[in-house]
Amino acid sequence: MSAAELVHVLSGEEIAEIEAEIAHLPDRESAAIDALMIVQKHRGWVSDTSLRAIARLLGMSSDALDSIATFYNLIFRQPVGRHVVMVCDSVSCYVMGADGLGKAIEEHLGIAFGGTTDDDRFTLLPIVCLGACDKAPTMMIDDELIENVTAERLGEIFGRFE
Amino acid sequence: MSLMDTKPLLGRVEEVGGFVDLNAYEAGQGYGAARKALTSMSPEAIINLVKDSNLRGRGGAGFPTGLKWSFVPQGDAAGEGAKYLVCNADEMEPGTFKDRFLLENNPHVLIEGMIIGAYAIQAEKAYIFLRGEYHQPYRRLVEALADATTRGFLGQGIFGTDFNLDLRIHSSAGRYICGEETALLNALEGKRAQPRTKPPFPPASGAWGRPTIVNNVETFCNVPGIVRNGVEWYQGLGLTEDAGTKIYGISGRVNRPGLWELPIGTPIRELVERHAGGMREGFELKGILPGGASTDFLVEEHFDLAMDYGTIQAAGSRMGTGTMILMDNSICPVDMSRNLQHFFAQESCGFCTPCREGLPWIEALLLDIEEGRGQEGDLEVLDRNAQFIGAPGNTFCLHATGAIEPLQSALKYFREDFDEHIRTGKCPYHGRRL
């Protein structure tokens, strides 16, 4: 894809949201993380083409932007399912049985951590402490925090996400 | 006497029974402190007040807040351009859940504290650096910022003065290292979150090279009460030489895990027994991480100590975030150490070698010991690595130093457990996990 064609990769809405961030920053590159998150919000992940288009919009090299994108665990450089499941594996949840729960979730979804179900419904990832340690074990599906998770509740929990 | 006088951070939450919106906050004297500060006090007077109050940073390091603020150049000395005030709301220390509770339930006390702080250092731009996973706090903050702006507490000419404040949320894209203040500033600038060389420290050169103050959520939330009620009141809240209240939390196998705003210096045993309702039936308390994953274990001999900065430090650990993780007798200290080191190895920013290479090496060795592949001499290797990596100055920032704190203390207090794994070639706790 030529540099000229990259102009048309991002939607008007995405560009407007990114420009709104840039407007209150000292320079365009400072919006790099915001821009990646905005595009991911609209597309689920950041493809190579999206990355190059964002870099062009911000006036920076795509290699520099990729070094930022790959640093942050909440920026996805691979496609993910319709719902992203993040299971806490930090110490409070560990004390309350997160290891066993993680295995039960892998079994329930039929995928290992890092994987996506065949129907693209769920991507399963580990996550660090979600800050709800008094209600461990915890997990997050999309932007919903789920507390006091047990293996018995998994069917009900995942059933709510089509 | 209202609850606000004994619990300035969460008293209003208790009175209201949950989320304190702008109306409820104002009905409980809310924004009166900011009004008082901006309309009747000089920036210097506020800095001196906070200094005299003995407020120390609640994010974990315990640095005196007023002293930090006093390092910001004022007037012509500040040079051309903006100054920045940043709230570190990137709560990611494993076992810590106090800032999320504050953000979700009492966002206006944070905003009020930030208005006062911004005025004190004369910063007209401020950011709340918020964890990406904190969706509910984000929603509450967006609402609270809009409400405060509508009432004229943010924006141009606050309280009829000529002070302006533009306060925004920066949603983070992850990584624990963003909690380190210079890494946070790089992230705020849209860069990789690698810590910076210090000096210069942020009050001299921070965000975009300009004077910047970074404080934790709970730290800012202490400020309105100090301005409202004064230094004597604030110091009277603490039970020991530290001042104010502290939000303490407990997670693990207790009857009532949770968090409570209490006088700073409340003893560990009182927190566990009285507030958390003691251990659950059938479990005994074996050790605690007093203030998050990066603090040294404490054991039975320490449980009568006061939870304050000096006492816990004298016992060889740190109060850290004040949210304790309890290890009961069903938990294997070797496996729990492996879990902790997995976290720190994963969250290393990868910039300096002892951290990037050393922590995964330690994690692998702990896994070997846990799974029965430990060999004679392994504990000495762990000791040596702990000494090398844990020594300040051998790594670029304090990430690896923090990682070593729970390891070195586990090796000290639970050595017999480590020995037994190697001697018998298996984990004696295997099958005992519930």
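The model shown is predicted, which means the values in this text are computed figures rather than measured ones. (Residues numbered from 1 in each chain as written. Chains lettered and ligands numbered in written order. Predicted model: local features only at pLDDT ≥ 70, side-chain atom pairs only at ≥ 80, totals over all residues.)

Focus: the overall build of chain B
And then number 1: A tally of helices and strands in chain B yields 19 helices and 8 strands.
And then number 2: At 22 Å, chain B has a C-alpha radius of gyration in line with the 22 Å of a compact globule built from 434 residues.
And then number 3: Each of the three principal axes of chain B carries a C-alpha extent, and together these read 75 × 45 × 35 Å.
And then number 4: In chain B, the proportion of contacts linking residues at least 24 apart, taken out of those at least 6 apart, comes to 70%. (Helix = DSSP H or I, 4+ residues; strand = E, 2+ residues; numbered from the N terminus. Rg over C-alpha atoms; globule rule 2.2 N^0.38 Å. Contact = placed C-beta atoms within 7 Å.)

Here's the deal with the overall build of chain A
And then number 1: Check the secondary structure of chain A and you find 8 helices and 4 strands.
And then number 2: Shown N-terminal to C-terminal, the secondary structure of chain A runs as helices and strands in the order α-α-α-α-α-β-α-α-β-β-β-α.
And then number 3: Dimensions along the principal axes, computed over C-alpha positions, put chain A at roughly 55 × 35 × 25 Å.
And then number 4: Counting all 162 residues of chain A, 39% fall into the buried class. (Buried ≥ 20, exposed ≤ 12 C-beta atoms within 10 Å, placed from the backbone.)

Side note on the interface of chain B and chain A
And then number 1: The partner chain A presents 32 residues to the 39 residues of chain B that form the contact.
And then number 2: Taken together, the elements giving at least two residues each to the side of chain B that touches chain A come down to helix H9 (135-150), strand E3 (166-171), strand E5 (245-251), strand E6 (258-263), strand E8 (323-328) and helix H15 (333-347) of chain B.
And then number 3: Top contributing element to the side of chain B that touches chain A by residue count: H15 of chain B, with 5 residues.
And then number 4: Here the residues of the side of chain B that touches chain A sort into 17 nonpolar, 13 polar and 9 charged. (Nonpolar A, V, L, I, M, F, W, Y, C, P; charged D, E, K, R; others polar.)

Overview of the packing of helix H8 (residues 107-121) of chain B against helix H11 (residues 217-229) of chain B
All names here are of chain B.
And then number 1: With their axes 7 Å apart at the nearest point, H8 and H11 run at an angle of 75 degrees to one another. By the angle class used here, H8 and H11 are roughly perpendicular. Here H8 contributes Val109, Leu110, Glu112, Gly113, Met114, Ile116 and Gly117 to the contact with H11, which in turn contributes Val217, Phe220, Cys221, Val223, Pro224 and Val227.
And then number 2: The residue makeup of the contact of H8 with H11, split by class, is 10 nonpolar, 2 polar and 1 charged. (Axes fitted to C-alpha atoms, helices over the stretch in contact; angles between N-to-C directions. Parallel < 35°, antiparallel > 145°, perpendicular 65-115°, else oblique.)

So, the sheet that holds E3 of chain B
Through backbone hydrogen bonds, the strands of a sheet pair up, either in parallel or in antiparallel fashion.
Residues and elements named next belong to chain B.
And then number 1: Spatially, the 4 strands line up as an open sheet ordered E3-E2-E1-E4, and their pairing is parallel. Two strands close off the open sheet at either side, each with one partner strand: E3 and strand E4 (212-216). On average, each strand axis in the sheet is inclined to that of its neighbour by 20 degrees, with strand direction left out of account.
And then number 2: In this sheet, E3 lies alongside strand E2 (residues 125-130) in parallel orientation, the contact comprising 6 bridges. Counterpart to Lys125 in the pairing with E3 is Asp166. (Pairing = 2+ DSSP bridges.)

Considerations on the domain arrangement of chain A
And then number 1: Annotation of chain A at the domain level lists domain 1 (3-69) and domain 2 (83-159).
And then number 2: For domain 1 of chain A versus domain 2 of chain A, the separation of C-alpha centres amounts to 30 Å. (Domains from an automatic or database assignment.)

A closer look at the environment of Gln387 of chain B
And then number 1: Tracing the backbone through its elements, the reader meets Gln387 of chain B in helix H17 (residues 378-390).
And then number 2: Remark: the alpha-carbon pair of Gln387 of chain B and Leu102 of chain B, spanning 285 residues in sequence, is separated by 37 Å.

Regarding the pairing of E4 of chain B
Residues and elements named next belong to chain B.
And then number 1: With 5 of its 5 residues buried, E4 lies for the most part within the structure.
And then number 2: Both faces of E4 are covered, namely the face carrying Thr212, Val214 and Asn216 and the face carrying Ile213 and Asn215.
And then number 3: Where strand E1 (residues 84-89) lies against E4, 5 bridges are found, and the strand directions are parallel. When the sheet's bridge partners are listed, Tyr84 is paired in E4 with Thr212.

Re unusual backbone geometry
And then number 1: The linkage connecting Ala136 of chain A with the following residue, Pro137 of chain A, adopts the cis geometry, with an omega of -5 degrees.
And then number 2: Tracing the chain through its elements places Pro137 of chain A in the loop between strand E2 (122-127) and strand E3 (139-141).
And then number 3: A positive phi is found at Asp142 of chain A, a non-glycine position, where the angle reads about 55 degrees.
And then number 4: Checked against the element boundaries, Asp142 of chain A lands in the loop between E3 and strand E4 (144-146).
And then number 5: The backbone phi angle of Asn54 of chain B is positive, close to 70 degrees, even though this residue is not glycine.
And then number 6: The topology assignment puts Asn54 of chain B in the loop between helix H5 (43-53) and helix H6 (65-70).
And then number 7: With 19 C-beta atoms counted inside 10 Å, the residue Asn54 of chain B sits in the partly exposed group.

Notes on the domain arrangement of chain B
Residues and elements named next belong to chain B.
And then number 1: Domain boundaries in chain B define domain 1 (3-235), domain 2 (245-328) and domain 3 (333-424).
And then number 2: Taking only C-alpha atoms into account, the centre of domain 2 sits 23 Å from that of domain 3.
And then number 3: Across the boundary between the two partners, domain 2 contributes 10 residues, which contact 12 residues of domain 3.
And then number 4: Here the side of domain 2 that touches domain 3 is composed, by residue class, of 5 nonpolar, 4 polar and 1 charged.

Remarks on H15 of chain B
For the α-helix, the turn length of 3.6 residues means that residues three or four positions removed from each other point alike.
And then number 1: End to end, H15 of chain B covers 21 Å across 15 residues, agreeing with the expected 21 Å (1.5 Å per residue, within 8%).
And then number 2: Within H15 of chain B, 14 of the 15 residues are buried, which leaves the element mostly enclosed by the surrounding structure. (Expected span 1.5 Å × (residues − 1).)

Section: the confidence of the model for chain B
And then number 1: Residues at a pLDDT of 70 or more form 99% of chain B, whose mean pLDDT is 96.
And then number 2: Among the scores for the predicted complex, ipTM is 0.96 and pTM is 0.97. (pLDDT = per-residue confidence, 0-100.)

Side note on the environment of Cys349 of chain B
Residue and element names in this part refer to chain B.
And then number 1: Position of Cys349 relative to the elements: it lies in the loop between H15 and helix H16 (353-370).
And then number 2: Residue class for Cys349 comes out buried when judged on the 22 C-beta atoms lying within 10 Å of it.
And then number 3: Along the backbone, Cys349 and Arg175 are 174 residues apart, and their C-alpha atoms lie at a distance of 8.3 Å.
And then number 4: Ignoring any residue separated from it by four or fewer positions in sequence, one finds Cys349 in contact with Ile177, Ala183, Ala193 and Gln194.

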